[in-house]
Amino acid sequence: MKIQIAPSILSADFGKLNADIATVEPYVDLLHVDIMDGHFVPNITMGPPVVKNIQTKLPVDLHLMIEHPEMYIEEFVKAATANGLSKDKVSVTVHQEACKHLHRVIQLIKSFGVKAAVSINPGTPVEMIKDVLGDLDMVLIMSVNPGFGGQKFIPVALDKIREIRKLKPDLDIEVDGGINAETAKLCVEAGANILVAGSYIFGAEDRQKAIESLRM
Ligand code: DX5
Ligand code: ZN
């Protein structure tokens, strides 16, 4: 599978977000947008008005770290497509831990014509999403506890990537948290094909070089 790189704009400068996005856009495959509500995770980032102003031609990967995601999905899809981005270029990821009726939420995401994905935290086993894997366009394995950029990679993510790859040879498996050149290699060997990286890319002096180091 082709390795795709998804820079997390959480580590970009929010005061010049579009300019920062433009510095990485030519070298990456999709844009990872971290939405946090201060309830599901101990941090707050952005809502639909900010998403609406993101300017990119890249596919947009909305990582919803929020409680009751079903209440906000439509608004986020509208925001992500406000600048003319087509719906097939938008994916919405919800957390298993935030969904009482996960299957229903996945169908709701799909009803808006975008790609559906589910994420699990480091403390959540693959077992919790096994029954919905066939409904998903992508799985997001968290390799840190969500909430902040710049944390250390938690290796149990590798076991989960291996487990899902065995079950679903063709499914997109994205990994998020603590990704750098070394951990990227481990994740790809385990079977991940989409790598999210925030601080490693936006904190680098040479962002293009940092991105390329993730593909090796
Ligand atoms: C963490 C977010 C990540 C974060 C990754 O809650 O979901 O996307 O930005 O940051 P790094 O790559 O710095 O670990
Ligand atoms: Zn994320």
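(A) Focus on the site of ligand 1. Of all residues adjacent to ligand 1, which total 20 residues, the nearest are Ser8, Gly147, Asp176, Gly198 and Ser199. Take Gly178: an N or O atom from its main chain is 2.8 Å from an oxygen atom of ligand 1. Compared with its free state, where it exposes 380 Å², ligand 1 has 99% of that area covered by protein. Of all the elements in the fold, those that place two or more residues in the shell around ligand 1 are strand S2 (31-36), strand S3 (60-65) and strand S8 (194-197).

(B) Examining the pattern of salt bridges more closely. On inspection of all chains with the given rule, the structure shows 8 salt bridges. Asp29 is paired through a salt bridge with Arg215; the nearest N and O atoms lie 3.0 Å apart. Within this pair, whereas Asp29 is found in the loop between helix H1 (17-24) and S2, its partner Arg215 is found in the segment after helix H8 (207-214), the two being separated by 186 residues in sequence. For Asp29, a relative accessible area of 17% corresponds to the buried category. Here Glu127 makes a salt bridge to Lys130, at a shortest N to O gap of 3.4 Å. Of the residues examined, Lys130 reaches a relative accessible area of 33% and is grouped as partly exposed. Among the charged side chains, a salt-bridge network with shared partners connects Lys2, Asp29 and Arg215.

(C) Geometry of the coordination of the zinc ion (ligand 2). For the zinc ion (ligand 2), the full set of protein donor atoms is His32 (NE2), Asp34 (OD), His63 (ND1) and Asp176 (OD), and the range of their distances to it is 2.1 to 2.3 Å. Because the angles between the 6 donor atoms bound to the zinc ion (ligand 2) fall within 71 to 170 degrees, the donor set is best described as octahedral. Of note, the donors binding the zinc ion (ligand 2) are all from one chain and are spaced H-x1-D-x28-H-x112-D. Remark: Asp176 occurs in strand S7 (residues 172-176) and Asp34 occurs in strand S2; sequence separation between them is 142 residues. Looking at Asp176, the relative accessible area reads 9%, which means it is buried.

(D) The arrangement of the nonpolar core in detail. Ile9, Leu62 and Val94 are the most contacted members of the largest nonpolar core, which totals 64 residues. Looking at this core, the element that brings in the most residues is helix H3 (residues 73-80), giving 5 residues. When residues no more than four places from it in sequence are discounted, the contact partners of Val94 are Leu64, Pro69, Ile73, Cys99, Leu102, Val105, Ile109, Ala117, Val118 and Ser119.

(E) Seen up close, unusual backbone geometry. One non-glycine residue, His68, lies in the positive phi region at around 45 degrees. What makes His68 partly exposed here is its relative accessible area of 46%.

Each value, and the rule that gives it
- Residues numbered from 1 in each chain as written.
- Chains lettered and ligands numbered in written order.
- Predicted model: local features only at pLDDT ≥ 70, side-chain atom pairs only at ≥ 80, totals over all residues.
- Heavy atoms only, no water.
- Near = heavy atom within 4 Å.
- Polar contact = N/O pair within 3.5 Å; in protein donor to acceptor, adjacent residues only side chain to side chain.
- Areas by Shrake-Rupley, 256 points an atom, 1.4 Å probe, with all protein chains shown as cover.
- Helix = DSSP H or I, 4+ residues; strand = E, 2+ residues; numbered from the N terminus.
- Salt bridge = Lys/Arg side-chain N within 4 Å of Asp/Glu carboxyl O.
- Buried < 20%, exposed > 50% of the residue type's maximum accessible area, 1.4 Å probe, protein only.
- Donors = N, O, S within 2.8 Å, 3.2 Å for Na, K, Ca; no water.
- Tetrahedral: all angles 85-135°; square planar, octahedral: opposite > 155°, others 65-115°.
- Core = buried A, V, L, I, M, F, W, Y, C linked by side-chain atoms within 4.5 Å.
- Contact = heavy atoms within 4.5 Å.

These figures capture arrangement, not role.
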